[in-house]
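These are the residues of each chain, in order.
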Amino acid sequence: MIRTNVTAYAQVNATTRALYANLLTPDVWHALIQAANFDALLTLLDKTAYSPFLKLDRQLLTPRRTVYQLRWHLTHDYEKLIRLTPEPACQLILQLWRLYEVDNLKATLRGVETGASWDEVRRLLSPMVRYITVNNETIQRMLASGSVVRAIERLRHTPYYETLIHALTRYEMEKNLFPLEVALDLDYRRGLWEAIQSLKGTDRDQALRLVGTSIDVDNLLWAMRYRLYHHLSVQEIINYTMPFGYQVRDEHIRALAEGADMVTIVKRIYPHIEGLDDTGPQSREEPPSPQRQLALIERALHRHIIRLCHKSFLGDPFHVGVQVAYLMLLEYELRDLTAIVEAKAAQLPSEKLTAILESEWW
Amino acid sequence: MFKPQAMNKVELIIPEHEVVRTTEALAASGIFHHIPTAPLTIGIPSRGIDEWQTWTTELVALERRILMVMEELRIDEGPPPATPPHIIEPRVAERDIERLEHEAEAPIRDLEAARRRLTQLQKYVNQLAPIADLDVDLGMLRDLRYTFVMLGSIPVTNIERLESSLEHIPCVLITLRHEGHLATVVLFGLQQDAAVLNRAARSAYLNPLILPEDYRGTPSQAIAALQAGIERTREHIAEYEMEIARLQEMRVRHLRHLLWRVRASHALAHTITGYNHFQHTYLVTGWVPAASLPTLEQTIGRVSDKVVIEVIKPREEDIEHIPALLKNPPILKGFEGLVTTYGQPGYEELDPTPIMALTFPLVFGLMFGDIGHGLVLLLAGLLLAGRKIRALSGMAGFGVVIALCGGIATIFGVLYGSLFGFEDVLTALWFRPLEDINKVLLFAVAVGIVLLSAGMLYNMLNAALSRHWGHFLFNHNGLAGLIFYWSLIGLGARTFGVAIPIPGTVLVLTAVIGGIGLTFAEFFERLVERRRPLFEEGMGTYIAMAFFELFETLIGLFSNTLSYVRMGAFAVAHGALSMVVFIIAESVGNASSVGYWIVVILGNLFVIGFEGMIVGIQTLRLEYYELFSKFFSGGGTPYRPLSLVPRQGQLGASESTGG
């Protein structure tokens, strides 16, 4: 088995390590955060692995377009690793890639509801060219259809149709995209979980450790948000979360849904997690609000995943965990870069930036 | 016929207000090969070009919208128009498209809604089927005083989650039936928990069965009403489809016309963005066949007398980029297609189409010699060439290739005495390949030697035309190579006892001279063509490499020649395969039985189809790799006259990195 994995993963592992070396270093992060303005930020990014994707007229590089261009890096690397990763692990990478398709569909449905045109929507989407089931042509047809109902009809013959057409009844009753979006999210993660279950040996262990944890974190954060922001009932929260996971169990979700302290539950699952306490200037005077607490939990959980991803590059390298870890790290890098681009465009001071970034490598 | 047509470079200075008409005229002339140029005013945005770029973007979006309407009305694009359509401004086209979209929207929306209704009604019937025997009014179930009842469909994957969420609520969830990824369930609980149960069911995507007013009563009554509703909906669907068909018939010409107008306008805008724009003029560069220059001048003169046309003779540095317009008679177009599949002849290069037209059928016929099989191919080729088979009319040019191959195969069939595999019906005018294998193999090698020599002569002719005298004299496919090759053949023939009128010492001497020429080919070529340094990487390295190159040339000539043995081998295989057909036929029955003849007919069809294809591939291989490699580089630029009716896929932005 080990010998098989060594042969199968030799090339993709070497490629992934080369790509890993291209992730932004602490020095670069520091420079990006300290960049005087948006233009200086672009100059700095032009010296990184994102450079080939920013070869456009500077006038075209609006903050929105810049983020879109940066995402091409992720697209490029996903396509490369999908091509190189051996079966059946490749199916897991493909399923991870599908998250962006789901996000694009959600953005498109929002566009349909607001009557947005293709030109208004296209830069909000993740660029996807290969290994897709919904292409730009279909998205354009959805946008041109004029209604959510007709837009979903355009998805016939795609894996999303059955899920959406069933959830459509709720949309028609409530005139709210929430049930459609939740249905898509749950269905996507169910597919992800099935992809993990179809793996064996080290591949499965590593996938569970990384993707399983990511599913857990999504589940916990969803449950907390549903309670805090949407004020959903216990039953609704349970139904809108996932019945599977790596370390998170139904009892944790039920406890959160019933109003248990969020930090206590998180600490019960991850006893060694750091960063749940507020270190802000008012932290000693009064306890943080539930919203602030949730923001702290969210950041701590994401940093936990980032650390797990980096750890995947230590030890036996011949498993899909290395590819998954790199792609997840790149996604986190992009989230932070998006935050920096938007902050610089809004002329937000550098010192306020670090507090909103996911990673901690500066 | 042997060389591409002479070209002239043309520069046109067009006043700004004449640019559209002039571009239309250039496209209509069908002779102007446009060269898009980078703007001379680098960094300074050009107002004129920017406007055309905006047109391009808008027209792409409009084309997409037209195609969507056409798709919804099930109208295809139709063939490109015979005459270029008139240009349309984006805003005018947009008004038209909006009207068409509006017109098509209602019936399509109604049809889609009716189809959804049909699916929904069918779903209701399926949901009610398990409780069809229940003699209770469904309306009553909803209005029970103490009991909560909900019948509906839920994704199978959500059932367990729903049960889990209702763990602490007194209720029962019963699955009645599964259908695909959905299940029909009934949820029972207390009316006092109705709010909780409703929210839980909704969040688990349990869609309750809420029958419209028309479908009330007991389940069996509702099912009967639903069936009637399904019938009515089907009738509505048929009506909407008829309405769409009517609309399709009414608008098909308009939509196609509009589509091609938008496409032509897009092509025009796209072309103009490749012009150089100055303050009040555009500078356009392109190539025109020298013979067609007066036509171009007349065409432009008719449009405007303000357009300045400057004709520039091709310069040395242009040669590489001049488009090559091949001038073969229509009968050779199929062979031209085979040549351009390999590569586009350069402007200064000889067009290999004539040699291909001569050698391809010969090589094919030699391998496929059979009167019957040849005549079948000849007939099929003539049918194709005459466009008698409508579905394959696009392959008319290729029909000539097949017909000629069939004709030559027939001639070889006469020489081999073979008719539909029957080897004993006719007397062979020459010999039967199966009976004299050595003869056919030697003949194949001899044909190979002639073809390879012809290739070398073609290469020398190419070099002479482009005045590369070093290449002409010393290239391994030039004079030195030819002398070396023929000297070796002469020596080989003498060794095997063939009487050659040239003394052996002379052949050895010419082989040595040829060999020296090849060994120092690069040195001599540089010397003759006055290129320096004579030894690019030093003399030592050069001599070491030269020896190996001579060895490689020797091996190459030997293997190229032997490669033609396959022609003989396939001629033998053709006879052998036919023999196999007869062996199988005889195992089925004797010559008077129907089975025998069925096998013979099917076997012959198989030989014509299967072996014909293999022999075709082998012929192509010999042409491409053994013959073309001797003289043809194929790196030329194809001549593509400007056209406003673009071929599919010619235009349109492709997303790569979003740039």
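Use the structure listed above.
Owing to the predicted nature of the structure, the values given are computational and were not obtained by experimental measurement.

1. Here's the deal with the overall build of chain B
Here is step 1: A tally of helices and strands in chain B yields 20 helices and 11 strands.
Here is step 2: Looking at chain B as a whole, 38% of its 659 residues qualify as buried.
Here is step 3: Look at the contacts in chain B between residues 6 or more apart in sequence, and 78% of them connect residues 24 or more apart.

2. Considering the overall build of chain A
Here is step 1: Looking only at helices and strands, chain A has 17 helices and zero strands in total.
Here is step 2: Residues counted as buried form 39% of the 362 residues belonging to chain A.
Here is step 3: Across chain A, the fraction of contacts at a sequence separation of at least 24, relative to all contacts at a separation of at least 6, is 65%.

3. Concerning the interface of chain A and chain B
By a widely used convention, the size of an interface equals the accessible area lost when the partners come together.
Here is step 1: Contacts between chain A and chain B engage 28 residues on the former and 26 residues on the latter.
Here is step 2: For the side of chain A that touches chain B, the elements supplying multiple residues, two or more each, are helix H4 (63-84), helix H7 (136-145), helix H8 (148-153), helix H9 (161-174), helix H10 (178-197) and helix H12 (234-239) of chain A.
Here is step 3: In terms of residue count, H9(A) provides more of the side of chain A that touches chain B than any other element does, five residues in total.
Here is step 4: Looking at the side of chain A that touches chain B, its residues break down into 12 nonpolar, seven polar and nine charged.

4. Describing the sheet that holds strand S3 (residues 147-155) of chain B
Residue and element names in this part refer to chain B.
Here is step 1: Strand order in the open sheet made by the four strands is S4-S5-S3-S6, with antiparallel pairing throughout. The open sheet is flanked by strand S4 (171-179) and strand S6 (207-208), the only strands paired with a single partner.
Here is step 2: In this structure, S3 lies alongside strand S5 (residues 182-190), joined through nine bridges in antiparallel fashion. Residue Thr147 lies in a different strand from S5, and its bridge partner there is Leu190.

5. Here's the deal with the environment of Leu26(B)
All names here are of chain B.
Here is step 1: Along the chain, Leu26 falls in helix H1 (residues 19-29).
Here is step 2: Each C-alpha atom of the pair Leu26 and Val303 lies 10.0 Å from the other, and the pair is 277 residues apart in sequence.
Here is step 3: When residues no more than four places from it in sequence are discounted, the contact partners of Leu26 are Phe32 and Leu642.

6. Some words on helix H12 (residues 396-416) of chain B
Here is step 1: Between its first and last C-alpha, H12(B) extends 30 Å over 21 residues, near the 30 Å set by a 1.5 Å rise per residue.
Here is step 2: Residue Gly417(B) follows H12(B) closely and has a positive phi angle near 70 degrees.

7. Section: the environment of Thr169(A)
Here is step 1: Following the sequence through the fold, Thr169(A) ends up in helix H9.
Here is step 2: For the pair Thr169(A) and Val149(A), spaced 20 residues apart in the sequence, the C-alpha separation amounts to 9.7 Å.

8. Notes on the pairing of S3(B)
Here is step 1: Here S3(B) runs beside S6(B); their pairing, made up of two bridges, is antiparallel. Residue pairing across strands places Gly152(B) opposite Pro208(B), the latter belonging to S6(B).

Calculation rules
- Residues numbered from 1 in each chain as written.
- Chains lettered and ligands numbered in written order.
- Predicted model: local features only at pLDDT ≥ 70, side-chain atom pairs only at ≥ 80, totals over all residues.
- Helix = DSSP H or I, 4+ residues; strand = E, 2+ residues; numbered from the N terminus.
- Buried ≥ 20, exposed ≤ 12 C-beta atoms within 10 Å, placed from the backbone.
- Contact = placed C-beta atoms within 7 Å.
- Nonpolar A, V, L, I, M, F, W, Y, C, P; charged D, E, K, R; others polar.
- Pairing = 2+ DSSP bridges.
- Expected span 1.5 Å × (residues − 1).

By themselves these figures say nothing about function.
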